[in-house]
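Residue-level listing of the chains:
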Amino acid sequence: MESAIKTVVEVYLKFAGTKENLSGSAFQKMVKKQLGNIMTDTDSSGAIKEMRQGLDDNQDGKVSFPEYMTLVGYLANTLSEQKVKDQEAAGGAPAAQEIP
Ligand SMILES: [Ca+2]
(Lines give C-alpha, C1' and ligand atoms only; values in the text may rest on other atoms or scores of the structure.)
Protein backbone atom coordinates (compact mmCIF):
# COMPACT_ATOMS: atom_id res chain seq x y z
CA MET A 1 0.00 0.00 0.00
CA GLU A 2 2.70 2.50 0.96
CA SER A 3 4.74 1.65 -2.12
CA ALA A 4 1.66 2.02 -4.31
CA ILE A 5 1.01 5.52 -2.93
CA LYS A 6 4.66 6.46 -3.46
CA THR A 7 4.49 5.18 -7.02
CA VAL A 8 1.36 7.23 -7.76
CA VAL A 9 3.12 10.38 -6.52
CA GLU A 10 6.45 9.59 -8.20
CA VAL A 11 4.85 8.96 -11.59
CA TYR A 12 3.05 12.29 -11.39
CA LEU A 13 6.22 14.17 -10.44
CA LYS A 14 8.25 12.41 -13.12
CA PHE A 15 5.91 13.48 -15.90
CA ALA A 16 5.11 16.92 -14.46
CA GLY A 17 8.83 17.70 -14.20
CA THR A 18 9.41 21.13 -12.71
CA LYS A 19 5.87 22.25 -13.51
CA GLU A 20 2.94 21.95 -11.17
CA ASN A 21 0.67 20.34 -13.76
CA LEU A 22 0.78 17.71 -16.48
CA SER A 23 0.62 19.47 -19.82
CA GLY A 24 -1.35 17.90 -22.64
CA SER A 25 1.78 16.25 -24.08
CA ALA A 26 3.04 15.11 -20.65
CA PHE A 27 -0.34 13.53 -19.98
CA GLN A 28 -0.20 11.74 -23.35
CA LYS A 29 3.24 10.32 -22.52
CA MET A 30 2.21 9.31 -19.02
CA VAL A 31 -0.88 7.42 -20.16
CA LYS A 32 0.92 5.70 -23.05
CA LYS A 33 3.90 4.62 -20.93
CA GLN A 34 2.19 3.83 -17.64
CA LEU A 35 -1.39 2.75 -18.34
CA GLY A 36 -1.21 0.65 -21.50
CA ASN A 37 -2.13 -2.57 -19.71
CA ILE A 38 -4.95 -1.29 -17.53
CA MET A 39 -6.74 0.87 -20.11
CA THR A 40 -7.85 0.42 -23.68
CA ASP A 41 -7.38 3.11 -26.33
CA THR A 42 -4.02 4.25 -24.94
CA ASP A 43 -2.59 4.16 -28.48
CA SER A 44 -5.14 6.76 -29.54
CA SER A 45 -3.98 10.34 -28.95
CA GLY A 46 -7.54 11.51 -29.56
CA ALA A 47 -8.94 9.21 -26.87
CA ILE A 48 -6.29 10.37 -24.39
CA LYS A 49 -7.07 14.00 -25.19
CA GLU A 50 -10.77 13.37 -24.54
CA MET A 51 -9.89 11.71 -21.25
CA ARG A 52 -7.77 14.73 -20.26
CA GLN A 53 -10.63 17.07 -21.07
CA GLY A 54 -12.92 14.94 -18.91
CA LEU A 55 -10.49 15.16 -15.97
CA ASP A 56 -9.77 18.86 -16.39
CA ASP A 57 -12.13 20.30 -13.79
CA ASN A 58 -10.86 23.87 -14.02
CA GLN A 59 -10.58 23.75 -17.84
CA ASP A 60 -7.01 25.05 -17.99
CA GLY A 61 -5.89 22.38 -20.46
CA LYS A 62 -3.58 20.79 -17.89
CA VAL A 63 -3.96 18.00 -15.36
CA SER A 64 -3.30 19.06 -11.76
CA PHE A 65 -2.51 16.59 -8.99
CA PRO A 66 -6.14 16.42 -7.73
CA GLU A 67 -7.33 15.92 -11.32
CA TYR A 68 -4.74 13.14 -11.74
CA MET A 69 -6.01 11.54 -8.52
CA THR A 70 -9.49 11.46 -10.04
CA LEU A 71 -8.07 9.26 -12.78
CA VAL A 72 -6.25 7.03 -10.28
CA GLY A 73 -9.46 6.63 -8.25
CA TYR A 74 -11.46 5.86 -11.37
CA LEU A 75 -8.97 3.21 -12.50
CA ALA A 76 -8.84 1.63 -9.03
CA ASN A 77 -12.62 1.48 -8.94
CA THR A 78 -12.82 -0.04 -12.41
CA LEU A 79 -10.18 -2.61 -11.49
CA SER A 80 -12.00 -3.62 -8.32
CA GLU A 81 -15.30 -3.98 -10.20
CA GLN A 82 -13.57 -6.09 -12.83
CA LYS A 83 -12.02 -8.34 -10.16
CA VAL A 84 -15.44 -8.93 -8.64
CA LYS A 85 -16.82 -9.88 -12.04
CA ASP A 86 -13.88 -12.21 -12.70
CA GLN A 87 -14.42 -13.95 -9.38
CA GLU A 88 -18.10 -14.39 -10.05
CA ALA A 89 -17.39 -15.73 -13.53
CA ALA A 90 -14.87 -18.20 -12.08
CA GLY A 91 -17.36 -19.30 -9.42
CA GLY A 92 -14.95 -18.07 -6.78
CA ALA A 93 -15.56 -16.01 -3.70
CA PRO A 94 -18.78 -14.02 -3.85
CA ALA A 95 -18.73 -10.24 -3.76
CA ALA A 96 -18.84 -8.77 -0.29
CA GLN A 97 -22.32 -7.34 -0.75
CA GLU A 98 -23.65 -10.84 -1.50
CA ILE A 99 -22.53 -12.23 1.83
CA PRO A 100 -25.56 -12.18 4.14
CA1 LIG B 1 -6.78 21.40 -14.91
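The notes below deal with the structure included here. Note that this is a predicted model, so its numbers are computed, not measured. (Residues numbered from 1 in each chain as written. Predicted model: local features only at pLDDT ≥ 70, side-chain atom pairs only at ≥ 80, totals over all residues. Heavy atoms only, no water.)

1. Looking at the nonpolar core
Next up, step 1: Grouped together as the largest cluster of nonpolar side chains are 18 residues, with contacts concentrated most on Leu22, Phe27, Met30, Met51 and Leu71.
Next up, step 2: If you list the elements that add at least two residues to this core, you get helix H1 (2-16), helix H2 (24-34), helix H3 (45-55) and helix H4 (65-89).
Next up, step 3: In contact with Phe27, not counting residues within four places along its chain, are Leu22, Ile48, Met51, Arg52, Leu55, Val63 and Leu71. (Core = buried A, V, L, I, M, F, W, Y, C linked by side-chain atoms within 4.5 Å. Buried < 20%, exposed > 50% of the residue type's maximum accessible area, 1.4 Å probe, protein only. Helix = DSSP H or I, 4+ residues; strand = E, 2+ residues; numbered from the N terminus. Contact = heavy atoms within 4.5 Å.)

2. Digging into the packing of H2 against H3
Next up, step 1: Orientation of H2 relative to H3, taken along the N-to-C sense of each, is 115°, at an axis distance of 10 Å. Taken together, H2 and H3 sit at an angle that is classed as roughly perpendicular. Judged by the sense of rotation from one axis to the other, the crossing of H2 with H3 is right-handed. Touching Gly24, Phe27, Gln28, Val31 and Lys32 of H2 are Ser45, Ile48, Lys49, Met51, Arg52 and Leu55, all from H3.
Next up, step 2: The class makeup of the residues in the contact of H2 with H3 is five nonpolar, three polar and three charged. (Axes fitted to C-alpha atoms, helices over the stretch in contact; angles between N-to-C directions. Parallel < 35°, antiparallel > 145°, perpendicular 65-115°, else oblique. Left-handed = near helix turned anticlockwise from the far one by under 90°. Nonpolar A, V, L, I, M, F, W, Y, C, P; charged D, E, K, R; others polar.)

3. Quick word on the packing of H1 against H4
Next up, step 1: One way to put it is that H1 packs onto H4 with a least axis distance of 11 Å and a crossing angle of 130°. Taken together, the axis directions place H1 and H4 in an arrangement best described as oblique. In this structure, H1 crosses over H4, and the sense of that crossing is right-handed. The residues of H4 that touch H1, namely those facing Val8, Val9, Val11 and Tyr12, are Phe65, Tyr68, Met69 and Val72.

Geometric values such as these leave the question of function open.
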